[in-house]
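Spelled out, the chains give:
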Amino acid sequence: MPVTNPLERPLARWFARNARGLPWRATDRTPWQVMVSEYMLQQTPVDRVLPAWLAWIERWPTPADCAAAPADQPVRMWGRLGYPRRARRLHEAARRIVADFGGEVPADRESLLSLPGIGDYTAAAIQSFAFGTRSIVLDTNIRRVIARAVTGQALPLPHVTTAERLLADDLTPRSAKASAIWNAAIMELGALICTARAPKCEQCPLAEQCKWLAEDRPEYVGTVRRQARFEGSDRQARGAIMSVLREASSSVPQSAIEASWSDALQRERALASLIADGMVESLPRKRYGLPAQ
DNA sequence: AAACCGTGGCG
DNA sequence: TCGCCAAGGTT
């Protein structure tokens, strides 16, 4: 329960000199632009998001512009960012913003959480980065920096605990302006310096205060949940089908689906799940396409 | 609540 | 080479 957070000053100073000039951080960005970046950045690295974000906001500068587009367009614009359901959710969120919030991205936590694709992290991030509201932002970067610098653990736990949230709250400056800088700065430190695999502790502005470094970087103790293998997975099969439908200008015949993945049983399972998820539409005469509604 | 959901780069 | 990792969310 630090009365003053000893990490705040050195972190803010480092951020002022080292922050990347990401376009969604520009002073003239809108809440919608920030919101689009947050959807795209869910599990997708910055470098791949950049061109997609620029194209998206140029085409759909406001939620209303996006809401007016047929549903297949966001999925096509999404390209190969991965997890294309995020494109559908962002599109649906834009329509809900128009229908329920007068076309303006809502600023309060409950309204944000009511939108598809916005969970605890994204709601807090939009509040902090788009509206400058004090909020507790806990993403993988921030959680890792806190785990190391404050708790002395190599990595955060598999899921956020109440204690962790309370700690993050304590660390977050109380003023709105300082809290927004803190959130952006500690996230940036986790992305650039305090990385998961090869942290650059020799460049870290928090090295003097870091508990993990002081204890000579002990290894993570606990169970590590491994990500499922992607090669040969249903996810890869779904991705292959989605790729075919994305690249096609309209619907495709069944033969095109069949050509996308050789294993028939797995292909049928993947196609069925895509249809069930509303990602693919089954059309007359055994044709398939992206839902255009 | 563990499992699922894409894609690509890096060590 | 291949497992790990990436500004999570949903069921």
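In what follows, the structure referred to is the one given above.
Residues numbered from 1 in each chain as written. Chains lettered and ligands numbered in written order. Predicted model: local features only at pLDDT ≥ 70, side-chain atom pairs only at ≥ 80, totals over all residues.

**Observations concerning the overall build of chain A**
Here's step 1: A count of helical and extended segments in chain A gives 15 helices and three strands.
Here's step 2: Over its C-alpha atoms, taken along the principal directions, chain A stretches across nearly 70 × 45 × 30 Å.
Here's step 3: Burial status across chain A gives 35% buried among its 293 residues.
Here's step 4: Long-range contacts, defined here as pairs at least 24 residues apart, represent 64% of the contacts in chain A between residues at least 6 apart. (Helix = DSSP H or I, 4+ residues; strand = E, 2+ residues; numbered from the N terminus. Buried ≥ 20, exposed ≤ 12 C-beta atoms within 10 Å, placed from the backbone. Contact = placed C-beta atoms within 7 Å.)

**Details of the protein's contact with DNA strand C**
Here's step 1: As a matter of local geometry, DNA strand C sits amid 25 residues, with Leu-41, Gly-119, Tyr-121, Thr-122 and Ala-196 nearest to it.
Here's step 2: Elements represented by at least two residues in the surface near DNA strand C include exactly helix H2 (31-41), helix H8 (120-131), helix H9 (140-151) and helix H11 (176-192).
Here's step 3: Each residue belonging to the surface near DNA strand C can be placed in one class, and the counts come to 11 nonpolar, nine polar and five charged. (Near = placed C-beta within 6 Å. Nonpolar A, V, L, I, M, F, W, Y, C, P; charged D, E, K, R; others polar.)

**A few points about the sheet that holds strand S1 (residues 252-253)**
Each strand in a sheet pairs with another by means of backbone hydrogen bonds, the pair being arranged parallel or else antiparallel.
Here's step 1: What the three strands build is an open sheet, ordered S1-S3-S2; its pairing is antiparallel. Strands with a single pairing partner mark the edges of an open sheet, and in this sheet they are S1 and strand S2 (281-283).
Here's step 2: Across two bridges, the pairing between S1 and strand S3 (residues 287-289) is antiparallel. Paired with Pro-253 across the bridge in S3 is Arg-287. (Pairing = 2+ DSSP bridges.)

**A short note on the packing of helix H13 (residues 234-247) against helix H15 (residues 264-276)**
Here's step 1: Interhelical geometry of H13 versus H15 gives an angle of 70° and a closest axis separation of 9 Å. With respect to H15, the axis of H13 lies roughly perpendicular. Across the interface between the two elements, Asp-234, Ala-237, Arg-238 and Ile-241 from H13 touch Gln-266, Arg-267, Arg-269, Ala-270, Leu-271, Ser-273 and Leu-274 from H15.
Here's step 2: Each residue belonging to the contact of H13 with H15 can be placed in one class, and the counts come to five nonpolar, two polar and four charged. (Axes fitted to C-alpha atoms, helices over the stretch in contact; angles between N-to-C directions. Parallel < 35°, antiparallel > 145°, perpendicular 65-115°, else oblique.)

**Details of the protein's contact with DNA strand B**
Here's step 1: With respect to spatial proximity, 18 residues lie near DNA strand B, and among them Arg-80, Gly-82, Phe-230, Arg-238 and Gly-239 are the closest.
Here's step 2: At six residues, the largest contribution of residues to the surface near DNA strand B is made by H13.
Here's step 3: Among the residues forming the surface near DNA strand B, the class breakdown is six nonpolar, six polar and six charged.

**Some details on the packing of H2 against H8**
Here's step 1: Interaxial distance between H2 and H8 falls to 9 Å at its minimum, and their mutual angle equals 145°. H2 and H8 meet at a crossing whose hand is right-handed. Together, Pro-31, Val-34, Met-35 and Glu-38 of H2 and Thr-122, Ala-125, Ile-126, Phe-129, Ala-130 and Phe-131 of H8 make up the contact between the two elements.
Here's step 2: Taken together, the residues that form the contact of H2 with H8 break down as eight nonpolar, one polar and one charged. (Left-handed = near helix turned anticlockwise from the far one by under 90°.)

**Brief notes about the nonpolar core**
Here's step 1: Grouped together as the largest cluster of nonpolar side chains are 71 residues, with contacts concentrated most on Val-36, Ile-146, Ala-149, Ile-186 and Ile-241.
Here's step 2: In terms of residues, this core owes the most to one element, H11, which gives eight residues.
Here's step 3: Residues in contact with Ile-186, not counting those within four places in the same chain, are Leu-11, Ile-142 and Val-145. (Core = buried A, V, L, I, M, F, W, Y, C linked by C-beta atoms within 7 Å.)

**A few points about the environment of Ser-262**
Here's step 1: Of note, Ser-262 is situated in the loop between helix H14 (254-260) and H15.
Here's step 2: With 10 C-beta atoms counted inside 10 Å, the residue Ser-262 sits in the exposed group.

**Focus on unusual backbone geometry**
Here's step 1: Not every positive phi belongs to a glycine, and Gln-43 is a case in point at roughly 70°.
Here's step 2: Tracing the backbone shows Gln-43 in the loop between H2 and helix H3 (46-59).
Here's step 3: A tally of 10 C-beta atoms within 10 Å means that Gln-43 is categorised as exposed.

**What to know about H8**
Here's step 1: A rise of 1.5 Å per residue sets the reference length of H8, with its 12 residues, at 16 Å; its end C-alpha atoms lie 16 Å apart and thus fit the reference within 8%.
Here's step 2: Counting buried residues along H8, nine of its 12 residues qualify, which places the element largely inside the surrounding structure.
Here's step 3: Along H8, the residues that are buried comprise Thr-122, Ala-123, Ala-124, Ala-125, Ile-126, Gln-127, Ser-128, Phe-129 and Ala-130.
Here's step 4: Buried residues belonging to H8 abut H2, helix H7 (109-113) and H11.
Here's step 5: Just beyond H8, the residue with positive phi is Gly-132, at close to 70°. (Expected span 1.5 Å × (residues − 1).)

**Observations concerning helix H6 (residues 85-100)**
Here's step 1: Counted at 1.5 Å a residue, the expected span for H6 with its 16 residues is 22 Å, and the 22 Å between its end C-alpha atoms agrees.
Here's step 2: Three or more residues of H6 are buried, namely Arg-86, Ala-87, Arg-88, Leu-90, His-91, Ala-93, Ala-94 and Ile-97.
Here's step 3: On the buried face of H6, the contacting elements are H2, helix H4 (63-67) and helix H5 (72-78).
Here's step 4: Among the residues trailing H6, Gly-102 stands out with phi positive, at a value near 65°.

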